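Secondary and tertiary structure notes
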Amino acid sequence: MIERVLETIAAAAEFLDSKDFDLDDLVYAKDFAKLSLLQTAANAVSESKEIKK
């Protein structure tokens, strides 16, 4: 099970990297920087305004 979790995390990190977003930045961010990066990540994976809704 742990192997599956690690594979999923690696796949998510790779996907976000393909959208020019570094997951490690989000993991290690603090306070308002984390909130800002969450918004940046959401924007990165949302390809259109329709997906964001």
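As a reminder, the structure under discussion sits directly above these lines.
Residues numbered from 1 in each chain as written. Predicted model: local features only at pLDDT ≥ 70, side-chain atom pairs only at ≥ 80, totals over all residues. Heavy atoms only, no water.

This part is about the side chain of S46. Structurally, the position occupied by S46 is in the loop between helix 3 (31–45) and helix 4 (49–52). Polar side-chain contacts of S46 include one of 2.8 Å to the backbone oxygen of A42. (Helix = DSSP H or I, 4+ residues; strand = E, 2+ residues; numbered from the N terminus. Polar contact = N/O pair within 3.5 Å; in protein donor to acceptor, adjacent residues only side chain to side chain.)

A few words on the environment of N43. By the element assignment, N43 lies in helix 3. Distance from N43 to K19, taken between C-alpha atoms, is 9.6 Å for residues 24 residues apart in sequence.

Position of F15 relative to the elements: it lies in helix 1 (residues 2–18). For F15, a relative accessible area of 42% puts it in the partly exposed group. Between the alpha carbons of F15 and V45 there is a distance of 8.8 Å; along the sequence they are 30 residues apart. (Buried < 20%, exposed > 50% of the residue type's maximum accessible area, 1.4 Å probe, protein only.)

Structural measurements only, silent on function.
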